[in-house]
Amino acid sequence: MSEETRARDEICRVGASLFDRGLTAGASGNISVRLADGGWLMTPTNVSMGALDPARLSRFDATGRLVSGDAPTKEAFLHFSMYGERKDAAAVVHLHSSHATAVSILRDVDPQDVLPALTAYYVMRVGRLPLVPYFAPGDPDLAHAVRALASRHHAVLLANHGPVVAGTSLANAQFATEELEETAKLFLMLQNHALRTLTPEQVSDLRRRFNLT
Ligand SMILES: O=C(O)[C@@H](O)C(=O)COP(=O)(O)O
Ligand SMILES: [Zn+2]
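Reading the values: the criteria
Residues numbered from 1 in each chain as written. Chains lettered and ligands numbered in written order. Predicted model: local features only at pLDDT ≥ 70, side-chain atom pairs only at ≥ 80, totals over all residues. UniProt positions renumbered as here; feature names shortened; annotations may be inferred. Helix = DSSP H or I, 4+ residues; strand = E, 2+ residues; numbered from the N terminus. Rg over C-alpha atoms; globule rule 2.2 N^0.38 Å. Buried ≥ 20, exposed ≤ 12 C-beta atoms within 10 Å, placed from the backbone. Pairing = 2+ DSSP bridges. Axes fitted to C-alpha atoms, helices over the stretch in contact; angles between N-to-C directions. Parallel < 35°, antiparallel > 145°, perpendicular 65-115°, else oblique. Left-handed = near helix turned anticlockwise from the far one by under 90°. Contact = placed C-beta atoms within 7 Å. Nonpolar A, V, L, I, M, F, W, Y, C, P; charged D, E, K, R; others polar.

Named according to an unreviewed UniProt entry, the protein chain is 3-oxo-tetronate 4-phosphate decarboxylase originating from Tabrizicola oligotrophica. According to UniProt, the comment filed for the protein chain under the heading Sequence similarities (unreviewed entry) is "Belongs to the aldolase class II family. AraD/FucA subfamily." Looking at the Cofactor (unreviewed entry) heading of the UniProt record, one finds this comment for the protein chain: "Zn(2+)".

1. Things to note about the overall build of the protein chain
Scanning the protein chain for helices and strands turns up 7 helices and 8 strands. Here the protein chain has a C-alpha radius of gyration of 17 Å; the compact-globule value for 213 residues is 17 Å, and the two agree. The C-alpha extent of the protein chain, read off along each of the three principal axes, is 50 × 35 × 30 Å. For the protein chain, the residues scored as buried account for 38% of the 213 residues in total.

2. Some points on the pairing of strand S7 (residues 155–158)
Both faces of S7 are covered, namely the face carrying Ala155 and Leu157 and the face carrying Val156 and Leu158. One ladder, built from 2 bridges, connects strand S6 (residues 131–132) with S7; its direction is parallel. Following the sheet pairing, Leu131 is matched in S7 by Leu157. As defined by bridge partners, S7 adjoins strand S8 (residues 162–167) across 4 bridges and the pair is classed as antiparallel. Bridge pairing in S8 places Leu157 opposite Pro163. Where S7 folds back on S8, the antiparallel hairpin that results is connected by 3 residues, among which Asn160 adopts a positive phi of roughly 55°.

3. Some details on the UniProt feature "domain: Class II aldolase/adducin N-terminal" (unreviewed entry) in the protein chain
Under the present numbering, the feature "domain: Class II aldolase/adducin N-terminal" (unreviewed entry) in UniProt falls on residues 9–188. Helix makes up 36% of residues 9–188 and strand 17%, with an end-to-end C-alpha separation of 34 Å.

4. Describing the packing of helix H2 (residues 76–85) against helix H5 (residues 140–150)
Any two packed helices are characterised by the angle at which their axes cross and by the distance between the axes. H5 packs onto H2 with a crossing angle of 20° between their chain directions and a minimal axis gap of 8 Å. What the angle tells us is that H2 and H5 run roughly parallel. H2 and H5 meet at a crossing whose hand is right-handed. Every residue of H5 that contacts H2 at Phe77, Leu78, Ser81, Met82, Gly84 and Glu85 is listed here: Pro140, Leu142, Ala143, Val146, Arg147 and Ala150. Along the lines of polarity and charge, the residues of the contact of H2 with H5 split into 8 nonpolar, 2 polar and 2 charged.

5. Some thoughts on unusual backbone geometry
Although it is not a glycine, Asn46 sits at a positive phi angle of roughly 65°. Examined against the element boundaries, Asn46 turns out to sit in the loop between strand S2 (40–42) and strand S3 (58–60). Its identity is not glycine, yet Asn192 carries a phi of approximately 70°, on the positive side. For Asn192, the location among the structural elements is in the loop between helix H6 (170–189) and helix H7 (200–209). Looking at Asn192, the number of C-beta atoms within 10 Å reads 5, which means it is exposed.

Take a look at the structure:
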């Protein structure tokens, strides 16, 4: 089986898994994968993550030209922004997962780092999470705003919208997105409770141990 065939199947399998577990509803969310020839596969616009067809994914060549498949996600430029700034990114996942999206709507969060270091696994998979100011979905200014953060952050939270996460593989992007969602859920459960978050020393220790940037 070719690398591209495997990538097509993996995108559809991951999309169905995310959809079936309620991590993005309706036709929300999008996924992309960078291929070895420098091109990309992206999910088409207006399609449920639960009903993706490997043969209909949007295929771009290495110059970013659409060469086959259905019309791509309206966030194609946002995905390209991530890849442009992160040479190690092999995949990008964007969801409207409920808890992360709820946090993206809270008024009093730190826009430099929206979620506290609640657990070690969150620090290991996500790290710092900046809030991208609100722009309409598909607005080129949204892609520009993500580009401005992407060299320093593989995960960002779009205000009043949802998370965007890059990974060195589709599995890593998926796992980090799921960890972000679980941490957002904990954060909301713990509102109005006194927290004992990880200390800066504990976070630095994790960064050293696991070679995190
Ligand atoms: O929120 C939106 O409209 C997009 O960001 C999205 O999640 C789904 O759009 P398409 O990928 O164009 O279907
Ligand atoms: Zn969206």
